[in-house]
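# Chain and residue survey
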Amino acid sequence: MARYYLGVDGGGTNCRVRLANENLEVLAEVKNGRSNLQIDGGEPAYRAILDGTRDVFAAAGLDYAETANTYACFGMAGGRMDSAREAFAARAWPFAGVKVYDDIDIAHAGALGGTEGGVVIIGTGSAAMSLVAGTRYQAGGWGFPIGDQMSGAILGRELVRYTVEANDGLVEGSPLTAAVTAALGGSNQSIMTWSFATEMGLQLLSRDGSEGCDDALIGRAPAEYGKLMPLFFDHLEQNDPVALKLLAIELSYIDTYVNWFKSHGAQVMAIVGGLGQRLFPRLQERYGDFVALPKYEPLHGAVILAKQNFAAK
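Let us look at the structure shown here. Worth saying up front: this structure is predicted, and the values here are computed from it rather than measured.

## What to know about the overall build of the protein chain
Looking only at helices and strands, the protein chain features 11 helices and 10 strands. Whereas a compact globule of 313 residues would reach a radius of gyration of roughly 20 Å, the protein chain reaches 22 Å, a difference of no more than 12%. The C-alpha extent of the protein chain, read off along each of the three principal axes, is 70 × 55 × 30 Å. A buried classification covers 47% of the 313 residues belonging to the protein chain. Sequence-distant contacts, at least 24 apart, represent 62% of the contacts inside the protein chain between residues at least 6 apart.

## Some thoughts on the pattern of salt bridges
A complete count under the given rule lists 18 salt bridges for this structure. A salt bridge links Arg 16 to Glu 297; its shortest N-O distance comes to 2.9 Å. Of this pair, Arg 16 sits in strand β2 (residues 15–21) while Glu 297 sits in the loop between β10 (291–292) and α11 (298–310), and the two are 281 residues apart along the sequence. For Glu 297, a relative accessible area of 30% gives the class partly exposed. Between Lys 227 and Glu 224 there is a salt bridge, and its shortest N-O distance comes to 2.9 Å. Residue Lys 227 is classed as exposed on the basis of its relative accessible area, which comes to 56%. Taken together, the shared-partner salt bridges in this structure form one network comprising Arg 16, Arg 18, Glu 29 and Glu 297.

## Concerning the sheet that holds strand β7 (residues 126–132)
The strand order across the open sheet built from 5 strands is β8-β7-β6-β9-β10, with neighbouring strands paired in mixed fashion. Strand pairing shows two members of the sheet lacking a second neighbour, β8 (135–140) and β10, which therefore form its edges. Looking at chain direction, strand β9 (residues 269–272) and β10 are connected through 2 bridges and run parallel. Pairing of Ala 270 across the sheet is with Ala 292, part of β10. In the packing of helix α3 (residues 103–111) onto the sheet, the strands contacted are β6 (117–122), β7, β8 and β9, and the crossing angle to β6 comes to about 120°. Each of β6, β7, β8 and β9 touches helix α9 (residues 241–263); the most contacted strand, β7, lies at about 20° to it.

## Points about the packing of aromatic side chains
The geometry of an aromatic ring pair is captured by the separation of the ring centres together with the interplanar angle, meaning the angle of the planes. Within this structure, the stated rule accounts for 14 aromatic pairs. Taking 6.3 Å as the distance between ring centres and 70° as the angle between the ring planes, the aromatic pair formed by Phe 57 and Tyr 64 counts as edge-to-face. Accessibility expressed as a relative area gives 30% for Tyr 64, which makes it partly exposed. A ring pair is formed by Phe 74 and Trp 93, whose centres lie 4.9 Å apart and whose planes are at 65°; its orientation type is edge-to-face. Of this pair, Phe 74 sits in strand β4 (residues 70–76) while Trp 93 sits in the loop between α2 (82–89) and β5 (97–102); the two residues are 19 residues apart in sequence, bridging distant segments of the chain. The exposure classification of Phe 74 matches that of Trp 93, with both residues buried. Aromatic rings pair up to connect Tyr 46, Phe 74, Phe 88, Trp 93 and Phe 95 into one cluster. Just above the ring of Tyr 46 sits the side chain of Arg 91; from NZ or CZ to the centre is 4.7 Å. Here the basic side chain of Lys 262 rests over the ring of Phe 290, its NZ or CZ set 4.9 Å away from the ring centre.

## Focus: the layout of surface pockets
Reported here for the largest pocket is a volume of approximately 1100 Å³. Along the wall of the largest pocket there are 39 residues; nearest its centre are Gly 12, Ala 77, Gly 78, Asp 103 and Gly 125. Breaking the lining of the largest pocket down by element, the ones donating at least two residues are β1 (4–10), α3, β7, β8 and α7 (222–226). Among the elements that line the lining of the largest pocket, the one with the most residues is α3, at 4 residues. For the lining of the largest pocket, the class distribution of residues is 14 nonpolar, 19 polar and 6 charged.

## Comments concerning the packing of α9 against helix α10 (residues 274–287)
At a minimum axis separation of 12 Å, α9 and α10 run at an interaxial angle of 75°. When the interaxial angle is binned, α9 and α10 end up roughly perpendicular. Of the residues in α10, those touching α9 at Leu 247, Glu 250, Leu 251, Ile 254, Asp 255 and Val 258 are Leu 275, Leu 279, Arg 282, Leu 283, Arg 286 and Tyr 287. Each residue belonging to the contact of α9 with α10 can be placed in one class, and the counts come to 8 nonpolar, no polar and 4 charged.

## Side note on a nonpolar patch on the surface
On the surface, Met 192, Phe 196 and Leu 217 cluster together into a nonpolar patch covering about 350 Å² of accessible area. With respect to the element layout, Met 192 can be found in helix α6 (residues 188–195).

## Observations concerning the environment of Asn 32
Along the chain, Asn 32 falls in strand β3 (residues 26–32). Assessed through its relative accessible area of 22%, Asn 32 is described here as partly exposed. As a C-alpha pair, Asn 32 and Asp 105 span 73 residues in sequence and 21 Å in three-dimensional space. Those residues in contact with Asn 32, other than ones at most four positions away along the chain, are Asn 14, Cys 15, Ala 48, Asp 51, Gly 52 and Asp 55.

## Topic: the nonpolar core
Membership of the largest hydrophobic core comes to 40 residues, with the highest contact counts inside it found for Val 120, Phe 232, Ile 254, Met 269 and Ile 271. Contacts of Ile 271, omitting those with residues within four sequence positions, involve Val 120, Ile 122, Gly 276, Gln 277, Phe 280, Leu 283, Val 291, Ala 292 and Pro 294. Val 30, Ile 49, Phe 74 and Phe 95 belong to the second-largest nonpolar core, a separate cluster that totals 24 residues.

About the cut-offs
Residues numbered from 1 in each chain as written. Predicted model: local features only at pLDDT ≥ 70, side-chain atom pairs only at ≥ 80, totals over all residues. Heavy atoms only, no water. Helix = DSSP H or I, 4+ residues; strand = E, 2+ residues; numbered from the N terminus. Rg over C-alpha atoms; globule rule 2.2 N^0.38 Å. Buried < 20%, exposed > 50% of the residue type's maximum accessible area, 1.4 Å probe, protein only. Contact = heavy atoms within 4.5 Å. Salt bridge = Lys/Arg side-chain N within 4 Å of Asp/Glu carboxyl O. Pairing = 2+ DSSP bridges. Axes fitted to C-alpha atoms, helices over the stretch in contact; angles between N-to-C directions. Phe/Tyr/Trp six-rings, centres within 6.5 Å; stacked < 30°, edge-to-face > 60°. Lys NZ or Arg CZ within 6 Å of the ring centre and 35° of its normal. 1 Å grid on protein atoms, 1.4 Å probe; cavity = no way out; pocket = protein on both sides within 12 Å on 5 of 7 lines; lining within 4 Å. Points joined across faces, edges and corners; volume = space filled by probe spheres on them. Nonpolar A, V, L, I, M, F, W, Y, C, P; charged D, E, K, R; others polar. Parallel < 35°, antiparallel > 145°, perpendicular 65-115°, else oblique. Patch = residues over 30% accessible without salt bridge, like charges linked within 9 Å, V, L, I, M, F, W, Y side chains within 5 Å. Areas by Shrake-Rupley, 256 points an atom, 1.4 Å probe, with all protein chains shown as cover. Core = buried A, V, L, I, M, F, W, Y, C linked by side-chain atoms within 4.5 Å.

Put into structure tokens, the structure is as follows:
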């Protein structure tokens, strides 16, 4: 009887589903809707995976009934909470077995090919995880604005904050701060309007339906700050002094995670995420062979974990 492994990379924007045979050779791959476990109790994610499963079996030319011989692993955005993963795994699935992970677990498995070591995600958000001698360690990933220290969102927020201070004459500006000012409307007042998303006409309602909410604010999403990274790198390549100053802050955050990895015996730290990939040559200069590029993408990490969890069944 044939056996199949299905991996899911469930992101907040889209859900990717990959089907592989027992040798982990890819048979088909599809993309579907958003799939963050924290959105509407995971219902959109559930629908996206079921739809994606039908599509991927069709794309592979396999009967949907073969899901009964398929073992699945989901790596889900919003999967940091144990309760969310357990509730999602307990839903009605057509598979022979299901395991739900946080998205960093599939990033880890993909980056290291299913072996031990550490991984950091340095993208719009950031997080870290390692496996050492069978013990799992995790840090970060608590989201913007309280976590994600290494992320493009936090670096972008610091860039905007520094730009405002430069325009006020509190710190020395540079071509980078001038470019950020121009991109966000030309003045500190326009930057403030941008940061609160005022021009978007958004409105907060209290639980009783009344307008306004004293304990919450509407502001720009993390990805909006992350969109400033191309400007940052354009000026970093020209040795812009503010870009170099912010790079030093970014590297100090990464230093903290490198020290954390080494403290529990990790021998390697794979770098995943767009910002991390862009910084990789500098990270290699700083940390040497301790850092590495990923072997595979997170989606294939989900397939690897599906086999690791269920190969013996």
